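Observations on the three-dimensional arrangement
Residue-level listing of the chains:
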Amino acid sequence: GNSVTQMEGPVTLSEEAFLTINCTYTATGYPSLFWYVQYPGEGLQLLLKATKADDKGSNKGFEATYRKETTSFHLEKGSVQVSDSAVYFCALSAQGGSEKLVFGKGTKLTVNP
Amino acid sequence: DAMVIQNPRYQVTQFGKPVTLSCSQTLNHNVMYWYQQKSSQAPKLLFHYYDKDFNNEADTPDNFQSRRPNTSFCFLDIRSPGLGDAAMYLCATRVSASGVSYNEQFFGPGTRLTVL
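Quick summary incoming for the structure in this document. (Residues numbered from 1 in each chain as written. Chains lettered and ligands numbered in written order. Predicted model: local features only at pLDDT ≥ 70, side-chain atom pairs only at ≥ 80, totals over all residues. Heavy atoms only, no water.)

**Some remarks on the pattern of salt bridges**
Throughout the structure, instances matching the rule amount to eight salt bridges over all chains. A salt bridge links A:Lys49 to B:Glu104; the shortest N-O distance between them is 2.3 Å. With A:Lys49 in strand β6 (residues 44–50) and B:Glu104 in the loop between β11 (100–101) and β12 (106–107), this pair bridges two chains. On the basis of relative accessible area, B:Glu104 is assigned to the buried category, the value being 14%. Its salt-bridge partner being B:Lys44, residue B:Asp59 comes within 3.4 Å of it at the nearest N-O pair. Placement of B:Asp59 in the loop between β6 (53–56) and β7 (64–67) and of B:Lys44 in strand β5 (residues 44–50) is noted, with a sequence separation of 15 residues between them. (Salt bridge = Lys/Arg side-chain N within 4 Å of Asp/Glu carboxyl O. Helix = DSSP H or I, 4+ residues; strand = E, 2+ residues; numbered from the N terminus. Buried < 20%, exposed > 50% of the residue type's maximum accessible area, 1.4 Å probe, protein only.)

**Thoughts on the interface of chain A and chain B**
Contact with chain A, which involves 20 residues of that partner, is made by 20 residues of chain B. Contact between chain A and chain B buries roughly 1,600 Å² in total, counting both sides, with carbon and sulfur atoms accounting for 49%. Along the contact surface separating chain A from chain B lie three salt bridges. Between B:Arg9 and A:Glu42 there is a salt bridge whose closest N-O contact spans 3.9 Å. Our enumeration of links across chain A and chain B arrives at six residue pairs in polar contact (both at pLDDT 80 or more). Only β5 (32–38), β6, β10 (86–93) and β11 (101–103) of chain A provide two or more residues apiece to the side of chain A that touches chain B. When residues in the side of chain A that touches chain B are grouped by element, the largest group, four residues, is from β5(A). (Contact = heavy atoms within 4.5 Å. Buried area = accessible area lost by both parts, 1.4 Å probe. Polar contact = N/O pair within 3.5 Å; in protein donor to acceptor, adjacent residues only side chain to side chain.)

**Considerations on the nonpolar core**
Of all hydrophobic cores here, the largest spans 25 residues; its most connected members are A:Trp35, A:Leu47, A:Leu48, A:Phe73, A:Leu75 and A:Tyr88. Counting only elements with at least two residues in this core, the list comes to β2 (11–14), β3 (19–21), β4 (23–26), β5, β6, β8 (62–65), β10 and β12 (107–112) of chain A. Of the residues forming this core, the biggest block, four residues, is contributed by β10(A). A:Leu48 has contacts with A:Leu33, A:Phe34, A:Trp35, A:Gly57, A:Ser58, A:Asn59, A:Phe62, A:Glu63, A:Ala64, A:Phe73 and A:Leu75, leaving out every residue within four places of it along the chain. The next biggest cluster of nonpolar side chains, apart from the first, holds 18 residues, and it includes B:Cys23, B:Met32, B:Tyr49 and B:Cys91. (Core = buried A, V, L, I, M, F, W, Y, C linked by side-chain atoms within 4.5 Å.)

Structure below.
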């Protein structure tokens, strides 16, 4: 079946540090890939997405590239801010049917000033 | 702004007392989802509506029911809440139409349910 494995946290960084959160997936066909962010006490917000191989999703300084050869979609940001502190979920949506989201377990990021 | 709205944001109920959570959307999306998210876990899909068609996940307990009276509204009914049902409940929407399918889901802010 489809699955997502992401780097377990928690991750603690200082402001302006470089961020990488690893995400790999297992799926048949060509899934779409997503990063969602959840701030404390809130719902999930779509951070970025990629729908085909070699696509790069980007938003708010975050980037992730859909790598089919390594089945990965790692999240990166060059310089994190305190306001980036949140839980980050990698997810995939397989084509066809209801296109349910399959989530990774989430990675909690804390950025200290 | 078009959005997904969940009411209430916080709900307290007693063990065994039925409770209803609501979700409304102004996005005019035809697919709506209900997720349960327990502390420090990923959201778990309970069921979804594709238009009026209800789709239950195989492992969703019978204690959980849902209604979708129209495109804009969807309700989650918990018939006899147990302590293990305390969680954040998330509603999400997606648009899927003939020849067009955008597979990103848009989430509401969630309702945090406490069971006493």
